[in-house]
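# Coordinate analysis (summary)
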Amino acid sequence: MSRAHVALRLILVLTVAFLSSACASSRALIDPRGARQATDTPHGGAHTIGPRQSQGRVIEQQAPMGPAPFQLLPVGLRQLPDSRWQFFFPRHPLNPTLEVLSLEEVRPFLAVFAHLGAQSRPRLHLLELSGAGSPGQGTVSPWESRLREEFLSHVGPPLIPLPESLTSSRLFLALQLSTRYMNEGIREAAIALFTSPAFVLSVCLSIVVYFAAWLAPEPLFSKAFAATLTLRLSMAVGLIELGHVALACLRLYQETEAASTPQELEAASARFGRSMGGTYLRVLVTVASLGVARLIPQVPEGGIWRLLPTVTPEGLVILEQSVSTAQVVADGSLIVSGVATGTVTCSSLALCATNASAGDSSGTPTLSTRYGNPHTRQNPTHNEAIEKELASREAAGHTNLRKDRVQRNAAGKRVYDEAPVRDVRFRRPDASSVRPDGVRHNTNYVSNTQDLKRELEAFESMKRADPDAILELYMLDGTLVRRYVPPGVSFP
């Protein structure tokens with residue numbers, strides 16, 4: 001055998017050894033306890049982005065969105081047929097930062113839930129309540145009917161029996177009683193939350209509508225909201241950890257349904273309360289709040305909200321309802337469909353410039369300039385969206401209308417980001433105005449999903465520069481990506 005052939009065979013052996021080592025390193029990113037079949041060949045001969053193939057890769061999902069000082073979980077991704085994605089979530093210890101929940105953090109949630117239902121009332125001891133053995137037989141109040149209708153339309157039909165009246169059910173009472181058994185790091189905040197009837201009702205609905213889906217061997221979420229929420233929560237706290245919250249909720253439901261004495265109901269409340277840590281309580285608050293988000297003037301910030309990713313560095317866009325289905329499979333992974341990808345430059349989430357209205361006879365779109373120079377001649381749709389937004393604000397009595405100009409506060413003073421990203425100290429809102437009540441209102445639009453991460457950075461920068469202003473970020477099709485409303489400011 002010639003030296004050339006020997007050298008070639010040696011190179012091939014070394015290459016195979018190198019690739020095998022690389023694959024082993026990739027597999028180490030996925031904890032086998034959380035995704036023990038991560039290296040299996042997917043059904044239908046799908047293209048793999050996971051650790052099985054040497055040309056593939058495990059994508060590390062970091063995506064530090066917002067001001068969170070910690071990173072999201074590393075997540076393995078694999079592309080399946082029919083535009084589906086398989087996510088592998090490693091097990092990890094609970095984040096100590098999230099295990100404490102203060103009263104100050106939940107005040108925004110208390111404020112928004114105060115608008116949804118009956119006023120808070122003193123919590124009664126279990127033995128003082130009559131009729132505890134006949135749960136859910138009370139009359140449904142108008143505010144309860146409103147929350148039930150909203151939650152069911154948003155999340156889907158209940159998968160377990162829904163009491164006629166949740167506010168007079170054992171489950172409602174058990175949730176209120178459980179706070180006395182929660183640990184010191186969250187007890188004060190939990191007592192404040194579970195004293196709000198609207199919040200407790202929303203948690204009840206979360207249990208019988210959303211968390212009930214986890215009773216199935218491989219839970220399937222077919223409603224867009226529930227599917228998207230499952231993916232985003234899994235990326236924030238872990239799929240297995242999210243399952244633990246669901247199981248704690250379902251155990252409480254089953255035990256309260258089976259309880260025949262006040263002591264049994266109290267014992268169920270105690271077990272649930274002791275199982276709740278800061279992270280699990282934050283998950284409950286998130287599901288309960290998002291389930292009635294359309295009834296809330298604004299989504300409160302803080303808590304776990306800042307951890308819910310909307311886009312990954314690789315271009316996966318996860319907006320409010322961008323996932324069609326989500327299924328938790330036996331190997332500890334999550335298979336989703338309908339996730340928008342940044343590689344698609346013209347999708348249902350972002351209108352293309354070629355969709356702009358017809359212009360002059362030369363084929364060049366006509367650009368409106370009533371409120372300023374064209375935002376960009378390469379994207380007429382973006383420019384027209386800004387013009388229409390400013391026109392509607394002018395009709396509503398807004399003043400100091402500004403198009404694509406440097407950010408200023410309500411007093412007209414130029415503002416700067418004190419913690420700039422990549423040395424960008426100031427921003428230019430697409431549309432800016434001052435409302436009749438004197439509050440500055442800034443709005444930006446995203447033309448392309450590939451630009452979403454950059455636009456979210458700009459959003460946070462503008463918020464730091466002027467925390468007294470309303471901020472909104474939209475896709476060009478009108479999909480709300482993010483909104484910030486200062487405390488004490490009414491919206492709309």
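Residue positions are given per chain, counted from 1 along the sequence in the order it is written. The predicted origin of the model limits local features to residues at a pLDDT of at least 70 and limits the giving and counting of side-chain atom pairs to 80 or more, whereas totals for whole chains, interfaces and linings rest on all residues. Each side-chain value is derived from all of the structure's non-hydrogen atoms; neither hydrogens nor water enter the calculation.

## Considering the confidence of the model for the protein chain
Values of pLDDT, which run from 0 to 100, indicate the predictor's confidence residue by residue. Residues at a pLDDT of 70 or more form 70% of the protein chain, whose mean pLDDT is 74. Residue contacts follow a heavy-atom distance rule, with two residues in contact if any of their heavy atoms lie within 4.5 Å. Considering only residues more than four positions removed or in separate chains, one finds that residues 119-135, a stretch of pLDDT under 50, has 28 contacts. Throughout residues 342-364 the model reports pLDDT below 50, and contacts reaching past four residues in sequence, or to other chains, amount to 40 contacts.

## Section: the sheet that holds strand β12 (residues 480-484)
Strands qualify as paired when DSSP identifies two bridges or more between them. Strands are runs of DSSP state E lasting at least two residues, helices are runs of H or I lasting at least four, and both sets are numbered from the N terminus onward. Pairing in this open sheet of five strands is mixed, and the strands run β8-β9-β10-β11-β12 from one edge to the other. Either end of the sheet is taken by a strand with one partner, and the two such strands are β8 (399-403) and β12. Here the average twist between neighbouring strands, direction ignored, is 10 degrees. Where strand β10 (residues 440-446) and strand β11 (residues 470-475) come together, six bridges link them in parallel fashion. Note on geometry: axes are C-alpha line fits, over the in-contact stretch for helices, and angles between N-to-C directions span 0 to 180 degrees.

## Regarding the sheet that holds strand β3 (residues 220-221)
The sheet built from five strands is open, its strands ordered β1-β2-β6-β5-β3 with antiparallel pairing. The open sheet is flanked by β1 (76-80) and β3, the only strands paired with a single partner. Pairing of strand β5 (residues 325-328) with strand β6 (residues 333-337) involves four bridges; the strand directions are antiparallel. Among the inter-strand pairings, Thr325 is bridged to a residue of β6, identified as Ser337. The sheet strands contacting helix α7 (residues 224-237) are β2 (84-88), β3, β5 and β6, and the helix crosses β6 at an angle near 140 degrees.

## What to know about empty space enclosed by the protein
In the cavity and pocket records, a cavity denotes points on a 1 Å grid over the protein atoms alone where a 1.4 Å probe fits but cannot get out, a pocket denotes an open set with protein on both sides within 12 Å along at least 5 of 7 lines, and lining residues are residues with an atom within 4 Å of a point. Grid points are joined across faces, edges and corners, and a volume is the space filled by probe spheres set on the points. Summed over the entire model, instances satisfying the criterion amount to two cavities of 30 Å³ or more. Put simply, the second largest cavity is a space of about 40 Å³. Lining the second largest cavity, in full, are Asn442, Asn444, Glu455, Phe459, Met462, Leu471, Glu472 and Leu473. Of all the elements in the fold, those that place two or more residues in the lining of the second largest cavity are β10, α12 (452-465) and β11. Each residue gets one of three labels, nonpolar for Ala, Val, Leu, Ile, Met, Phe, Trp, Tyr, Cys and Pro, charged for Asp, Glu, Lys and Arg, and polar for the others, Gly among them. When grouped by side-chain class, the residues that make up the lining of the second largest cavity number four nonpolar, two polar and two charged.

## As for the nonpolar core
As a rule of thumb, soluble globular proteins bury nonpolar side chains together. Among the nonpolar cores identified, the biggest contains 88 residues, and Leu175, Phe211, Trp214 and Leu231 are the most heavily contacted of them. Per-element tally for this core: the top contributor is helix α6 (residues 197-210), with eleven residues. Setting aside anything within four residues of it in sequence, one finds Leu175 in contact with Phe194, Val200, Val203, Cys204, Ile207, Leu252 and Phe272. If you look at the next biggest cluster of nonpolar residues, it comprises ten residues, including Phe459, Met462, Leu471 and Met475. Take the buried Ala, Val, Leu, Ile, Met, Phe, Trp, Tyr and Cys residues and link them wherever side-chain atoms come within 4.5 Å; each set so joined is a nonpolar core. The buried label goes to any residue with under 20% of its type's maximum accessible area, the exposed label to any with over 50%, and the partly exposed label to all in between, with areas taken from a 1.4 Å probe on protein chains only.

## Some remarks on the packing of helix α8 (residues 239-258) against helix α10 (residues 278-290)
The geometry of α8 relative to α10 is characterised by a closest axis approach of 10 Å and an angle of 75 degrees between their N-to-C directions. For the element pair α8 / α10, the angle class is roughly perpendicular. Across the interface between the two elements, Glu241, Leu242, His244, Val245 and Cys249 of α8 pack against Tyr280, Val283 and Leu284 of α10. Relative orientations are named as follows: roughly parallel for angles under 35 degrees, roughly antiparallel for angles over 145 degrees, roughly perpendicular for angles from 65 to 115 degrees, and oblique for any other angle.

## Some points on α6
Here α6 spans 19 Å end to end across 14 residues, near enough to the 20 Å set by a 1.5 Å rise per residue. Extensive coverage of α6 is indicated by the burial of 14 of its 14 residues. Helix span, expected: 1.5 Å multiplied by one less than the number of residues in the helix.

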